[in-house]
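# Notes for the structure review
Residue-level listing of the chains:
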Amino acid sequence: MTEHPYGYIKENKVYLKGFLGQEDRIIGEVKEDEASTIKYFEDRFEVLRQKVDTLKKNIQENQNKGSFLMKLIHLKDSMMKYDALGDFPSLIEELELQEKYLEEIIQANRLRNLEIKKGLILEAEALQNSTDWKETSEAFKNLKLRWLKTGPVEKEQEEEIENAFQAALDTFYTNRKHYFEDMAIQAEKNIKVYEGLLDQARKAHDLPDVKLAFEISKRIQKEWKASGRVPADKRQPLWDEFSKLNNRIFSKYKRMAQNTPKISPGLMIKKMERMVQEMKMLSEGPINQDKLAEAKKLQAEWKKLPPKKPRNAQQSMRSFVFFADIVFEKSFLEKLCLSKYSDFENKEPSEQKQIKAGLLKDLINRDQRELETVKENAENFRSHEEGFETIMRRKLGAYKRKVDVKNHILKELTNN
(Lines give C-alpha, C1' and ligand atoms only; values in the text may rest on other atoms or scores of the structure.)
Protein backbone atom coordinates (compact mmCIF):
# COMPACT_ATOMS: atom_id res chain seq x y z
CA MET A 1 0.00 0.00 0.00
CA THR A 2 1.39 3.41 -1.01
CA GLU A 3 0.68 6.27 1.41
CA HIS A 4 -0.09 9.94 0.58
CA PRO A 5 -0.76 12.82 3.03
CA TYR A 6 -4.41 12.94 1.83
CA GLY A 7 -4.90 9.41 0.53
CA TYR A 8 -3.30 6.12 -0.46
CA ILE A 9 -3.10 3.42 -3.17
CA LYS A 10 -4.30 -0.04 -2.29
CA GLU A 11 -4.79 -2.97 -4.65
CA ASN A 12 -4.32 -0.66 -7.61
CA LYS A 13 -7.13 1.65 -6.40
CA VAL A 14 -6.61 5.32 -5.42
CA TYR A 15 -8.31 6.32 -2.14
CA LEU A 16 -9.02 9.77 -0.67
CA LYS A 17 -8.86 9.83 3.11
CA GLY A 18 -12.13 10.76 4.74
CA PHE A 19 -12.65 14.30 6.07
CA LEU A 20 -15.39 16.22 7.86
CA GLY A 21 -17.10 12.97 8.91
CA GLN A 22 -16.77 11.22 5.55
CA GLU A 23 -15.29 7.76 5.12
CA ASP A 24 -12.34 6.96 2.84
CA ARG A 25 -13.53 6.61 -0.73
CA ILE A 26 -12.15 5.41 -4.06
CA ILE A 27 -11.46 8.29 -6.45
CA GLY A 28 -9.76 6.33 -9.29
CA GLU A 29 -7.30 3.62 -10.21
CA VAL A 30 -3.66 3.38 -11.25
CA LYS A 31 -3.39 3.72 -15.04
CA GLU A 32 0.34 3.65 -15.87
CA ASP A 33 2.25 3.88 -12.61
CA GLU A 34 1.52 5.08 -9.08
CA ALA A 35 3.65 8.28 -9.30
CA SER A 36 1.91 9.63 -12.42
CA THR A 37 -1.48 8.64 -11.01
CA ILE A 38 -0.87 10.53 -7.76
CA LYS A 39 0.43 13.51 -9.76
CA TYR A 40 -2.78 13.47 -11.84
CA PHE A 41 -5.02 13.64 -8.76
CA GLU A 42 -2.81 16.31 -7.12
CA ASP A 43 -3.14 18.41 -10.30
CA ARG A 44 -6.90 18.04 -10.15
CA PHE A 45 -6.84 19.43 -6.62
CA GLU A 46 -4.69 22.34 -7.85
CA VAL A 47 -7.34 23.11 -10.46
CA LEU A 48 -9.89 23.18 -7.66
CA ARG A 49 -7.69 25.50 -5.59
CA GLN A 50 -7.38 27.88 -8.56
CA LYS A 51 -11.18 27.95 -8.83
CA VAL A 52 -11.37 28.94 -5.17
CA ASP A 53 -8.70 31.64 -5.63
CA THR A 54 -10.47 33.00 -8.73
CA LEU A 55 -13.78 33.09 -6.89
CA LYS A 56 -12.22 34.96 -3.92
CA LYS A 57 -10.64 37.47 -6.31
CA ASN A 58 -13.96 38.04 -8.11
CA ILE A 59 -15.70 38.63 -4.79
CA GLN A 60 -13.16 41.25 -3.77
CA GLU A 61 -13.12 43.05 -7.11
CA ASN A 62 -16.85 43.20 -7.91
CA GLN A 63 -19.43 45.61 -6.50
CA ASN A 64 -22.26 43.09 -6.52
CA LYS A 65 -20.59 40.63 -4.17
CA GLY A 66 -23.82 38.92 -3.14
CA SER A 67 -24.24 37.52 -6.68
CA PHE A 68 -21.36 35.08 -6.01
CA LEU A 69 -22.97 33.39 -3.01
CA MET A 70 -24.74 30.57 -4.88
CA LYS A 71 -21.66 29.89 -7.00
CA LEU A 72 -19.63 29.61 -3.79
CA ILE A 73 -22.14 27.23 -2.19
CA HIS A 74 -22.20 25.00 -5.28
CA LEU A 75 -18.40 24.93 -5.37
CA LYS A 76 -18.22 24.05 -1.67
CA ASP A 77 -20.82 21.29 -2.05
CA SER A 78 -18.98 19.83 -5.06
CA MET A 79 -15.84 19.32 -2.98
CA MET A 80 -17.48 16.52 -1.03
CA LYS A 81 -17.58 14.41 -4.22
CA TYR A 82 -14.63 15.86 -6.10
CA ASP A 83 -12.00 13.29 -7.15
CA ALA A 84 -8.60 14.74 -6.22
CA LEU A 85 -5.84 14.49 -3.62
CA GLY A 86 -5.33 17.56 -1.41
CA ASP A 87 -6.27 19.47 1.72
CA PHE A 88 -10.03 19.69 1.18
CA PRO A 89 -10.83 20.89 4.76
CA SER A 90 -8.64 23.99 4.34
CA LEU A 91 -10.29 24.86 1.00
CA ILE A 92 -13.75 24.35 2.50
CA GLU A 93 -12.77 26.52 5.49
CA GLU A 94 -11.68 29.30 3.11
CA LEU A 95 -15.01 29.10 1.30
CA GLU A 96 -16.96 29.11 4.57
CA LEU A 97 -15.15 32.28 5.63
CA GLN A 98 -16.08 33.84 2.27
CA GLU A 99 -19.65 32.56 2.67
CA LYS A 100 -19.97 34.23 6.07
CA TYR A 101 -18.52 37.44 4.62
CA LEU A 102 -21.04 37.41 1.75
CA GLU A 103 -23.97 36.66 4.05
CA GLU A 104 -23.07 39.68 6.20
CA ILE A 105 -22.93 41.88 3.11
CA ILE A 106 -26.22 40.47 1.82
CA GLN A 107 -27.85 41.04 5.21
CA ALA A 108 -26.66 44.68 5.24
CA ASN A 109 -27.83 45.13 1.65
CA ARG A 110 -31.25 43.71 2.42
CA LEU A 111 -31.64 46.09 5.36
CA ARG A 112 -30.65 48.97 3.07
CA ASN A 113 -33.03 47.69 0.37
CA LEU A 114 -35.82 47.56 2.97
CA GLU A 115 -35.28 51.21 3.87
CA ILE A 116 -35.19 52.21 0.19
CA LYS A 117 -38.40 50.30 -0.56
CA LYS A 118 -40.14 51.77 2.48
CA GLY A 119 -39.24 55.21 1.12
CA LEU A 120 -40.61 54.27 -2.33
CA ILE A 121 -43.85 53.08 -0.69
CA LEU A 122 -44.21 56.45 1.06
CA GLU A 123 -43.68 58.24 -2.28
CA ALA A 124 -46.24 55.98 -3.95
CA GLU A 125 -48.81 56.50 -1.19
CA ALA A 126 -48.36 60.28 -1.42
CA LEU A 127 -49.19 60.09 -5.16
CA GLN A 128 -51.90 57.41 -5.14
CA ASN A 129 -54.85 59.86 -4.95
CA SER A 130 -53.43 62.39 -7.41
CA THR A 131 -55.68 63.37 -10.33
CA ASP A 132 -52.88 64.82 -12.44
CA TRP A 133 -53.02 61.67 -14.56
CA LYS A 134 -50.23 62.40 -17.05
CA GLU A 135 -47.61 63.71 -14.64
CA THR A 136 -48.41 61.14 -11.94
CA SER A 137 -48.32 58.25 -14.45
CA GLU A 138 -44.78 59.30 -15.35
CA ALA A 139 -43.91 59.52 -11.65
CA PHE A 140 -45.22 55.99 -11.06
CA LYS A 141 -43.23 54.66 -14.03
CA ASN A 142 -40.13 56.14 -12.43
CA LEU A 143 -41.04 54.66 -9.03
CA LYS A 144 -41.56 51.18 -10.52
CA LEU A 145 -38.20 51.38 -12.29
CA ARG A 146 -36.46 52.37 -9.04
CA TRP A 147 -38.31 49.55 -7.24
CA LEU A 148 -37.12 46.96 -9.78
CA LYS A 149 -33.55 48.25 -9.57
CA THR A 150 -33.58 47.88 -5.78
CA GLY A 151 -32.43 44.47 -4.57
CA PRO A 152 -34.45 41.99 -2.48
CA VAL A 153 -35.36 42.20 1.20
CA GLU A 154 -35.63 39.37 3.74
CA LYS A 155 -38.01 36.63 2.58
CA GLU A 156 -40.33 37.03 5.56
CA GLN A 157 -40.78 40.76 4.74
CA GLU A 158 -40.94 40.47 0.97
CA GLU A 159 -44.69 39.79 0.60
CA GLU A 160 -45.73 42.61 2.96
CA ILE A 161 -43.46 45.14 1.23
CA GLU A 162 -44.50 44.11 -2.28
CA ASN A 163 -48.20 44.23 -1.37
CA ALA A 164 -47.90 47.72 0.19
CA PHE A 165 -46.20 49.12 -2.93
CA GLN A 166 -48.62 47.40 -5.30
CA ALA A 167 -51.62 48.66 -3.30
CA ALA A 168 -50.58 52.28 -3.89
CA LEU A 169 -50.11 51.59 -7.62
CA ASP A 170 -53.46 49.82 -7.83
CA THR A 171 -55.24 52.74 -6.13
CA PHE A 172 -53.88 55.26 -8.63
CA TYR A 173 -54.41 53.16 -11.75
CA THR A 174 -57.91 52.13 -10.64
CA ASN A 175 -58.82 55.79 -10.05
CA ARG A 176 -57.36 56.71 -13.44
CA LYS A 177 -59.30 53.91 -15.15
CA HIS A 178 -62.58 55.03 -13.53
CA TYR A 179 -61.86 58.67 -14.44
CA PHE A 180 -61.39 57.93 -18.13
CA GLU A 181 -64.39 55.58 -18.15
CA ASP A 182 -66.47 58.40 -16.63
CA MET A 183 -65.00 60.82 -19.16
CA ALA A 184 -66.05 58.54 -22.01
CA ILE A 185 -69.59 58.33 -20.61
CA GLN A 186 -69.68 62.12 -20.11
CA ALA A 187 -68.32 62.66 -23.62
CA GLU A 188 -71.27 60.69 -25.03
CA LYS A 189 -73.65 62.92 -23.06
CA ASN A 190 -71.79 66.03 -24.26
CA ILE A 191 -72.09 64.91 -27.87
CA LYS A 192 -75.87 64.82 -27.40
CA VAL A 193 -75.70 68.43 -26.14
CA TYR A 194 -73.71 69.53 -29.22
CA GLU A 195 -76.10 67.67 -31.51
CA GLY A 196 -79.02 69.43 -29.82
CA LEU A 197 -77.40 72.85 -30.30
CA LEU A 198 -76.70 72.01 -33.94
CA ASP A 199 -80.37 71.11 -34.40
CA GLN A 200 -81.34 74.49 -32.89
CA ALA A 201 -78.94 76.22 -35.29
CA ARG A 202 -80.57 74.47 -38.26
CA LYS A 203 -84.06 75.57 -37.12
CA ALA A 204 -82.90 79.14 -36.40
CA HIS A 205 -81.30 79.30 -39.84
CA ASP A 206 -84.68 78.54 -41.45
CA LEU A 207 -86.63 81.10 -39.42
CA PRO A 208 -88.16 84.00 -41.42
CA ASP A 209 -87.62 86.34 -38.42
CA VAL A 210 -83.95 87.28 -38.95
CA LYS A 211 -83.64 89.16 -35.66
CA LEU A 212 -85.07 86.24 -33.66
CA ALA A 213 -82.73 83.88 -35.50
CA PHE A 214 -79.80 86.15 -34.57
CA GLU A 215 -80.80 86.17 -30.88
CA ILE A 216 -81.09 82.39 -30.88
CA SER A 217 -77.71 82.16 -32.62
CA LYS A 218 -76.04 84.29 -29.94
CA ARG A 219 -77.57 82.19 -27.17
CA ILE A 220 -76.66 78.79 -28.59
CA GLN A 221 -73.11 79.94 -29.36
CA LYS A 222 -72.70 80.82 -25.67
CA GLU A 223 -74.09 77.42 -24.72
CA TRP A 224 -71.68 75.75 -27.17
CA LYS A 225 -68.71 77.46 -25.51
CA ALA A 226 -69.89 76.32 -22.08
CA SER A 227 -70.50 72.70 -23.13
CA GLY A 228 -68.23 69.88 -21.99
CA ARG A 229 -65.30 68.28 -23.79
CA VAL A 230 -65.58 65.49 -26.37
CA PRO A 231 -62.96 63.86 -28.63
CA ALA A 232 -61.93 66.28 -31.37
CA ASP A 233 -62.72 63.84 -34.19
CA LYS A 234 -66.36 63.67 -33.04
CA ARG A 235 -66.73 67.35 -32.20
CA GLN A 236 -65.13 68.84 -35.32
CA PRO A 237 -67.79 67.79 -37.88
CA LEU A 238 -70.53 69.14 -35.60
CA TRP A 239 -68.61 72.40 -35.12
CA ASP A 240 -68.02 72.82 -38.86
CA GLU A 241 -71.74 72.73 -39.64
CA PHE A 242 -72.68 74.70 -36.50
CA SER A 243 -70.26 77.55 -37.29
CA LYS A 244 -71.37 77.72 -40.95
CA LEU A 245 -75.03 78.00 -39.97
CA ASN A 246 -74.31 80.73 -37.42
CA ASN A 247 -72.16 82.63 -39.90
CA ARG A 248 -75.04 82.58 -42.37
CA ILE A 249 -77.48 83.77 -39.68
CA PHE A 250 -75.10 86.61 -38.82
CA SER A 251 -74.70 87.53 -42.49
CA LYS A 252 -78.49 87.75 -42.90
CA TYR A 253 -78.76 89.89 -39.78
CA LYS A 254 -75.92 92.14 -40.93
CA ARG A 255 -77.58 92.69 -44.32
CA MET A 256 -80.83 93.53 -42.57
CA ALA A 257 -79.06 95.97 -40.25
CA GLN A 258 -77.41 97.67 -43.19
CA ASN A 259 -80.82 98.24 -44.76
CA THR A 260 -82.28 99.89 -41.65
CA PRO A 261 -82.25 103.70 -41.29
CA LYS A 262 -78.77 104.81 -40.33
CA ILE A 263 -77.77 107.19 -37.57
CA SER A 264 -74.67 109.35 -37.99
CA PRO A 265 -71.58 108.25 -36.00
CA GLY A 266 -71.54 111.54 -34.13
CA LEU A 267 -75.17 111.25 -33.00
CA MET A 268 -74.70 107.59 -32.05
CA ILE A 269 -71.66 108.40 -29.90
CA LYS A 270 -73.55 111.21 -28.16
CA LYS A 271 -76.48 108.87 -27.51
CA MET A 272 -74.13 106.18 -26.18
CA GLU A 273 -72.32 108.68 -23.93
CA ARG A 274 -75.66 109.83 -22.53
CA MET A 275 -76.67 106.25 -21.79
CA VAL A 276 -73.30 105.57 -20.17
CA GLN A 277 -73.76 108.56 -17.86
CA GLU A 278 -77.29 107.42 -16.97
CA MET A 279 -76.06 103.92 -16.16
CA LYS A 280 -73.14 105.34 -14.17
CA MET A 281 -75.54 107.44 -12.07
CA LEU A 282 -77.71 104.37 -11.45
CA SER A 283 -74.63 102.41 -10.33
CA GLU A 284 -73.70 104.89 -7.60
CA GLY A 285 -74.82 104.20 -4.03
CA PRO A 286 -77.33 101.54 -2.89
CA ILE A 287 -79.51 99.82 -5.49
CA ASN A 288 -83.27 99.67 -5.00
CA GLN A 289 -85.99 98.13 -7.18
CA ASP A 290 -86.59 101.41 -9.03
CA LYS A 291 -82.91 101.72 -9.98
CA LEU A 292 -82.83 98.09 -11.04
CA ALA A 293 -85.89 98.56 -13.28
CA GLU A 294 -84.32 101.69 -14.84
CA ALA A 295 -81.09 99.81 -15.48
CA LYS A 296 -82.96 97.00 -17.25
CA LYS A 297 -84.84 99.53 -19.42
CA LEU A 298 -81.56 101.24 -20.27
CA GLN A 299 -80.04 97.88 -21.18
CA ALA A 300 -82.96 97.10 -23.48
CA GLU A 301 -82.55 100.50 -25.16
CA TRP A 302 -78.80 99.86 -25.59
CA LYS A 303 -79.53 96.55 -27.36
CA LYS A 304 -81.66 98.40 -29.90
CA LEU A 305 -78.66 100.43 -31.06
CA PRO A 306 -77.39 99.47 -34.53
CA PRO A 307 -74.99 96.51 -34.30
CA LYS A 308 -72.27 98.36 -36.17
CA LYS A 309 -70.78 100.94 -33.81
CA PRO A 310 -68.32 103.77 -34.61
CA ARG A 311 -64.66 102.86 -34.10
CA ASN A 312 -64.20 105.41 -31.33
CA ALA A 313 -67.18 104.04 -29.38
CA GLN A 314 -65.25 101.17 -27.77
CA GLN A 315 -64.67 103.01 -24.49
CA SER A 316 -68.36 103.89 -24.18
CA MET A 317 -69.31 100.26 -24.84
CA ARG A 318 -66.92 98.99 -22.14
CA SER A 319 -68.06 101.64 -19.67
CA PHE A 320 -71.75 100.91 -20.20
CA VAL A 321 -71.23 97.17 -19.60
CA PHE A 322 -69.04 97.89 -16.55
CA PHE A 323 -71.58 100.23 -14.85
CA ALA A 324 -74.46 97.89 -15.73
CA ASP A 325 -72.55 95.03 -14.09
CA ILE A 326 -72.09 97.17 -10.97
CA VAL A 327 -75.87 97.74 -10.73
CA PHE A 328 -76.69 94.04 -11.02
CA GLU A 329 -73.81 92.96 -8.78
CA LYS A 330 -74.97 95.37 -6.05
CA SER A 331 -78.50 94.05 -6.38
CA PHE A 332 -77.23 90.47 -6.10
CA LEU A 333 -75.08 91.38 -3.07
CA GLU A 334 -78.11 92.94 -1.35
CA LYS A 335 -80.16 89.76 -1.91
CA LEU A 336 -77.25 87.62 -0.68
CA CYS A 337 -77.01 89.62 2.56
CA LEU A 338 -80.77 89.36 3.15
CA SER A 339 -80.69 85.59 2.58
CA LYS A 340 -77.74 85.05 4.94
CA TYR A 341 -78.85 87.47 7.69
CA SER A 342 -82.59 87.61 8.48
CA ASP A 343 -82.08 90.80 10.52
CA PHE A 344 -79.81 92.46 7.96
CA GLU A 345 -82.13 95.44 7.35
CA ASN A 346 -82.20 96.20 11.10
CA LYS A 347 -78.40 96.33 11.46
CA GLU A 348 -76.45 99.58 11.65
CA PRO A 349 -75.28 100.93 8.26
CA SER A 350 -71.64 100.47 9.30
CA GLU A 351 -72.28 96.81 10.16
CA GLN A 352 -74.15 96.30 6.88
CA LYS A 353 -71.14 97.66 4.98
CA GLN A 354 -68.83 95.37 6.94
CA ILE A 355 -70.97 92.31 6.07
CA LYS A 356 -71.11 93.28 2.40
CA ALA A 357 -67.33 93.82 2.30
CA GLY A 358 -66.72 90.39 3.83
CA LEU A 359 -69.00 88.65 1.34
CA LEU A 360 -67.44 90.59 -1.54
CA LYS A 361 -63.95 89.49 -0.55
CA ASP A 362 -65.06 85.85 -0.63
CA LEU A 363 -66.68 86.36 -4.03
CA ILE A 364 -63.56 88.10 -5.36
CA ASN A 365 -61.37 85.21 -4.21
CA ARG A 366 -63.71 82.74 -5.95
CA ASP A 367 -63.74 84.79 -9.18
CA GLN A 368 -59.95 85.16 -9.06
CA ARG A 369 -59.54 81.38 -8.81
CA GLU A 370 -61.94 80.90 -11.72
CA LEU A 371 -59.99 83.47 -13.74
CA GLU A 372 -56.73 81.58 -13.09
CA THR A 373 -58.40 78.31 -14.11
CA VAL A 374 -59.67 79.84 -17.35
CA LYS A 375 -56.18 81.20 -18.08
CA GLU A 376 -54.65 77.77 -17.43
CA ASN A 377 -57.24 76.00 -19.58
CA ALA A 378 -56.67 78.50 -22.38
CA GLU A 379 -53.00 77.50 -22.39
CA ASN A 380 -53.52 73.76 -21.98
CA PHE A 381 -56.42 73.21 -24.38
CA ARG A 382 -55.64 75.34 -27.38
CA SER A 383 -57.75 74.55 -30.44
CA HIS A 384 -57.45 75.22 -34.14
CA GLU A 385 -61.16 75.80 -34.41
CA GLU A 386 -62.18 78.99 -36.15
CA GLY A 387 -62.46 81.91 -33.73
CA PHE A 388 -61.03 80.00 -30.76
CA GLU A 389 -58.58 82.78 -29.82
CA THR A 390 -61.34 85.41 -29.99
CA ILE A 391 -63.66 83.27 -27.85
CA MET A 392 -60.99 82.72 -25.20
CA ARG A 393 -60.02 86.41 -25.18
CA ARG A 394 -63.64 87.43 -24.61
CA LYS A 395 -64.05 84.78 -21.94
CA LEU A 396 -60.96 85.99 -20.08
CA GLY A 397 -62.17 89.57 -20.44
CA ALA A 398 -65.55 88.67 -18.94
CA TYR A 399 -63.95 86.96 -15.92
CA LYS A 400 -61.55 89.87 -15.39
CA ARG A 401 -64.46 92.32 -15.55
CA LYS A 402 -66.29 90.33 -12.85
CA VAL A 403 -63.27 90.76 -10.57
CA ASP A 404 -62.90 94.46 -11.44
CA VAL A 405 -66.60 95.14 -10.78
CA LYS A 406 -66.47 93.55 -7.34
CA ASN A 407 -63.24 95.38 -6.47
CA HIS A 408 -64.91 98.66 -7.51
CA ILE A 409 -67.88 98.00 -5.19
CA LEU A 410 -65.53 96.92 -2.36
CA LYS A 411 -63.53 100.13 -2.73
CA GLU A 412 -66.77 102.18 -2.66
CA LEU A 413 -67.87 100.40 0.54
CA THR A 414 -64.56 100.84 2.37
CA ASN A 415 -64.07 104.48 1.33
CA ASN A 416 -67.54 105.66 2.43
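The name given to the chain in an unreviewed UniProt entry is DUF349 domain-containing protein, and the organism recorded there is Negadavirga shengliensis.

A few words now on the environment of Lys 330. Within the secondary structure, Lys 330 sits in helix H10 (residues 314–340). A sequence separation of 76 residues divides Lys 330 from Lys 406, and the C-alpha atoms of the two residues are 8.8 Å apart. Those residues in contact with Lys 330 that lie beyond four places of it in its chain are Ser 283, Glu 284, Gly 285, Ile 287, Ile 409 and Glu 412.

In spatial order, the strands read E1-E2-E3-E4; together these 4 strands make up an open sheet with antiparallel pairing. Edge strands, defined here as strands with exactly one partner in the open sheet, are strand E1 (2–4) and strand E4 (25–29). Neighbour-to-neighbour, the strand axes of the sheet open up by a mean angle of 25 degrees, direction not taken into account. Across 4 bridges, the pairing between strand E2 (residues 7–10) and strand E3 (residues 13–16) is antiparallel. Following the sheet pairing, Tyr 8 is matched in E3 by Tyr 15.

On to the nonpolar core, then. Residues Met 279, Trp 302, Phe 320 and Val 327 are the most contacted members of the largest nonpolar core, which totals 34 residues. When contributions to this core are tallied by element, the ones reaching two or more residues are helix H8 (265–283), helix H9 (289–303), H10, helix H11 (349–380) and helix H12 (388–415). At 8 residues, the largest contribution of residues to this core is made by H10.

This part is about the side chain of Thr 136. Secondary-structure assignment places Thr 136 in helix H4 (residues 133–149). Thr 136 gets classed as buried once you look at its relative accessible area, which sits at 4%. Within the local environment of Thr 136, its side chain forms a polar contact with the side chain of Ser 130, the two groups lying 2.7 Å apart. Discounting residues that sit within four places of it in the chain, Thr 136 has contacts with Leu 127, Ser 130 and Phe 172.

Between side chains of opposite charge, pairing is possible as soon as their charged atoms come close. Applying the stated criterion across every chain yields a total of 31 salt bridges. With its nearest N and O atoms 2.8 Å apart, the salt bridge here joins Lys 76 to Glu 99. Of the two residues, Lys 76 sits in helix H2 (residues 69–78) while Glu 99 sits in helix H3 (residues 88–127), which places them 23 residues apart along the sequence. Across the pair, Glu 99 and Lys 76 agree in class, each one buried. Between Glu 370 and Lys 402 there is a salt bridge, with its nearest N and O atoms 3.8 Å apart. Of the two residues, Glu 370 sits in helix H11 while Lys 402 sits in helix H12, which places them 32 residues apart along the sequence. For Lys 402, a relative accessible area of 34% puts it in the partly exposed group. Look at the salt bridges and you will find they share partners, linking Glu 329, Arg 366, Asp 367 and Lys 406 into a network.

Attention now goes to the packing of aromatic side chains. The full count for this structure, using the stated rule, is 21 aromatic pairs. What links up through ring pairs into an aromatic cluster is the set Trp 133, Phe 140, Phe 172, Tyr 173, Tyr 179 and Phe 180. Over the face of the ring belonging to Tyr 82 we find Arg 44, whose NZ or CZ atom lies 4.6 Å from the ring centre.

Before going further, it helps to examine helix H1 (residues 34–61). Relative to the 40 Å expected for 28 residues at 1.5 Å per residue, H1 spans 41 Å between its end C-alpha atoms, a close match to the ideal helical length. Those residues of H1 that fall on the buried side of the exposure criterion are Thr 37, Ile 38, Phe 41, Phe 45, Leu 48, Val 52, Leu 55 and Ile 59. On the buried face of H1, the contacting elements are E1, E2, E3, E4, H2 and H3. The N-terminus of H1 is capped by Asp 33, whose side-chain oxygen sits 3.2 Å from the backbone nitrogen of Ala 35.

Basis of the calculations
Residues numbered from 1 in each chain as written. Predicted model: local features only at pLDDT ≥ 70, side-chain atom pairs only at ≥ 80, totals over all residues. Heavy atoms only, no water. Helix = DSSP H or I, 4+ residues; strand = E, 2+ residues; numbered from the N terminus. Contact = heavy atoms within 4.5 Å. Pairing = 2+ DSSP bridges. Axes fitted to C-alpha atoms, helices over the stretch in contact; angles between N-to-C directions. Core = buried A, V, L, I, M, F, W, Y, C linked by side-chain atoms within 4.5 Å. Buried < 20%, exposed > 50% of the residue type's maximum accessible area, 1.4 Å probe, protein only. Polar contact = N/O pair within 3.5 Å; in protein donor to acceptor, adjacent residues only side chain to side chain. Salt bridge = Lys/Arg side-chain N within 4 Å of Asp/Glu carboxyl O. Phe/Tyr/Trp six-rings, centres within 6.5 Å; stacked < 30°, edge-to-face > 60°. Lys NZ or Arg CZ within 6 Å of the ring centre and 35° of its normal. Expected span 1.5 Å × (residues − 1).

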